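Structure at a glance
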Amino acid sequence: MQLNELPVTGPWGERHLLGLETLSAEQLGTILDLADELRERTENGTRRIELLKGLAVANLFFENSTRTRTSFSLAARRLGADTVDFTASSSSLSKGETFIDTARTIEAMGVDMVICRHRTPGAPHLLADHLRSGVLNAGDGTHEHPTQGLLDIFTIRRHLGRIRGLTVALVGDIRHSRVARSNIHGLLKLGARVIVCGPPTLIPADIRRLGVEVAWNFDEILPEVDCVNLLRVQFERQRGAFFPSIAEYASLFGMNGDRIRRARKDVLVLAPGPINRGVEITPEVADGPHSVILDQVTNGLLIRMACLTLLARERKTPEAGAA
Ligand code: CP
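Everything numeric here is computed off the predicted structure, so don't read it as measured data. (Residues numbered from 1 in each chain as written. Predicted model: local features only at pLDDT ≥ 70, side-chain atom pairs only at ≥ 80, totals over all residues. Heavy atoms only, no water.)

Topic: the side chain of His185
With respect to the element layout, His185 can be found in helix α6 (residues 178–189). Classification of His185 as buried rests on a relative accessible area of 11%. In this structure His185 touches Leu20, Glu21, Glu144 and Leu210, once residues within four positions along its chain are discounted. (Helix = DSSP H or I, 4+ residues; strand = E, 2+ residues; numbered from the N terminus. Buried < 20%, exposed > 50% of the residue type's maximum accessible area, 1.4 Å probe, protein only. Contact = heavy atoms within 4.5 Å.)

This is the structure:
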């Protein structure tokens, strides 16, 4: 099958996927619908569909990852592309090569799309300015993680049939979470009500300007929510203490069996992972009937296949030169 034979039902027109903030509701719908189409044609992404045959995709990860890196690699291979996996710790960065020179070196091997994770907000945007390749943001510092936001939204839509009119709570470390920001932009554009909840120290003071509601008490909002997305406490990004103890955090903001019994009977429990069992979620809930955590992982493959396909349709050929 050729790229242009796959039905794309809505608008796209983007060479890069850097965040959900700048996409329209219609463009988000295009990605979600294409992921659904790919699910039907590939049995959840387990069968190959050679839409990217002859193209090469590079994973440039300057931060650790299990889910995102693996599923982008698998998504590219299921689409028939060649893949290059770059690991910062064993690269020539240690000899003084710059971030941009590193990316341009890998691009010069004939790469068509670059997936970038970096601890610095805006790093993928910098690559988009300097490369010919399409750039996909796989998480930039505390800024955005667009494919995680998309796969969370896709998972909710698959389970509940819609996004518009739902109440979604994002609970936990909002301050350091790029997943929170991508969820907020995507969910609001698609018509959900979004409540962010956590300790005041972990919620930015100006978060309401994004259009969300703020709650400090998880138990108060619990009966209202259709979905709870439990965001990991990002100890690695925190400088200083944001709450007195992990036990206190877990008792006030953790999802546990008692809270599940007080929530709506069909409440959906999501977590982008990796999860800290016993902190933001207990094993009873993580492995229980409300949890869709592993569905999120499965759906991540479809969302990344959809994003790679859409960017491939808009790519510049090597002859066209750098942007
Ligand atoms: N959710 C997420 O981005 O997980 P990884 O860090 O394992 O990729």
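Description of the domain arrangement of the protein
Partitioning the protein into domains gives domain 1 (3–144 + 300–315) and domain 2 (146–297). One C-alpha centre belongs to domain 1, the other to domain 2, and the line joining them spans 25 Å. Facing the 33 residues of domain 1 at the interface are 26 residues of domain 2. Of the roughly 2500 Å² buried between domain 1 and domain 2, counting both surfaces, carbon and sulfur atoms make up 61%. Sorting the residues of domain 1 by area buried against domain 2 places Leu20, Leu32 and Arg67 first, and these three jointly supply 26% of that buried surface. (Domains from an automatic or database assignment. Buried area = accessible area lost by both parts, 1.4 Å probe.)

Description of helix α11 (residues 293–313)
Here α11 is 21 residues long and its end C-alpha atoms lie 31 Å apart, about the 30 Å a rise of 1.5 Å per residue gives. At Asn299, α11 is bent by approximately 25 degrees, the largest bend along its length. Counting buried residues in α11 gives 16 out of 21 residues, a clear majority hidden from the surface. (Expected span 1.5 Å × (residues − 1). Bend = angle between axes of the 7 residues up to and from the residue.)

Brief notes about the environment of Thr68
Take Thr68: it is sitting in helix α2 (residues 67–78). Look at Thr68 and you get buried, because its relative accessible area is 3%. Along the chain, Thr68 and Phe242 lie 174 residues apart, while their C-alpha atoms are 27 Å from each other. Beyond its immediate stretch of four places on either side in the chain, Thr68 contacts Phe61, Arg117, Ala138, His145 and Arg304.

Here we look at the layout of surface pockets
Reported here for the largest pocket is a volume of approximately 360 Å³. The wall of the largest pocket is formed by 20 residues, among which Arg117, Arg178, Arg232, Gly273 and Pro274 lie closest to the centre. Secondary-structure elements contributing two or more residues to the lining of the largest pocket are α2 and α6. Among the residues making up the lining of the largest pocket, the classes are represented as 4 nonpolar, 9 polar and 7 charged. (1 Å grid on protein atoms, 1.4 Å probe; cavity = no way out; pocket = protein on both sides within 12 Å on 5 of 7 lines; lining within 4 Å. Points joined across faces, edges and corners; volume = space filled by probe spheres on them. Nonpolar A, V, L, I, M, F, W, Y, C, P; charged D, E, K, R; others polar.)

Side note on the sheet that holds strand β2 (residues 82–87)
If you trace the 4 strands from one edge of the open sheet to the other, you get β2-β1-β3-β4, paired in parallel fashion. What marks the edges here is a single partner per strand, and that holds for β2 and β4 (134–140). Direction aside, the axes of adjacent strands within the sheet are offset by 15 degrees on average. The sheet contact formed by strand β3 (residues 113–118) and β4 spans 5 bridges and is parallel. (Pairing = 2+ DSSP bridges. Axes fitted to C-alpha atoms, helices over the stretch in contact; angles between N-to-C directions.)

Observations regarding unusual backbone geometry
What is expected of a backbone is that most residues other than glycine have negative phi and most peptide bonds are trans. Residues Gly273 and Pro274 are joined by a peptide bond in cis, for which omega reads -5 degrees. Positionally, Pro274 belongs in the loop between β9 (268–270) and α10 (283–286). With a phi angle near 50 degrees, Glu43 is a residue other than glycine that sits in the positive phi range. Inspection of the secondary structure assignment puts Glu43 in the loop between α1 (25–42) and β1 (56–61). At Asn44, a residue that is not glycine, the phi angle is positive and equals roughly 65 degrees. For Asn44, the location among the structural elements is in the loop between α1 and β1.

Side note on the packing of α1 against helix α5 (residues 146–160)
Axis angle and axis distance: for two packed helices, these are the angle between their axes and the distance between the axes, and together they describe the pair. Contact pair α1 / α5: the axes reach a minimum separation of 11 Å and the direction vectors enclose 65 degrees. Viewed along their axes, α1 and α5 form a crossing whose handedness is right-handed. Judged by residue contacts, Leu28, Ile31, Leu32, Asp33, Ala35, Asp36 and Arg39 of α1 engage Leu150, Ile153, Phe154, Arg157 and Arg158 from α5. Looking at the contact of α1 with α5, its residues break down into 7 nonpolar, no polar and 5 charged. (Left-handed = near helix turned anticlockwise from the far one by under 90°.)

Looking at the site of the ligand
As a matter of local geometry, the ligand sits amid Ser65, Thr66, Arg67, Thr68, Arg117, His145, Gln148, Pro272 and Gly273. Within the backbone of Arg67, an N or O atom sits 3.0 Å from an oxygen atom of the ligand. With respect to the ligand, the side chain of Thr68 contributes an N or O atom lying 2.6 Å from an oxygen atom. For the ligand, whose accessible area on its own is 260 Å², the fraction buried by protein is 92%. Partitioning the shell around the ligand into residue classes produces 1 nonpolar, 6 polar and 2 charged. The residues that make up the shell around the ligand include at least three from each of domain 1 (3–144 + 300–315) and domain 2 (146–297). (Near = heavy atom within 4 Å. Polar contact = N/O pair within 3.5 Å; in protein donor to acceptor, adjacent residues only side chain to side chain. Areas by Shrake-Rupley, 256 points an atom, 1.4 Å probe, with all protein chains shown as cover.)

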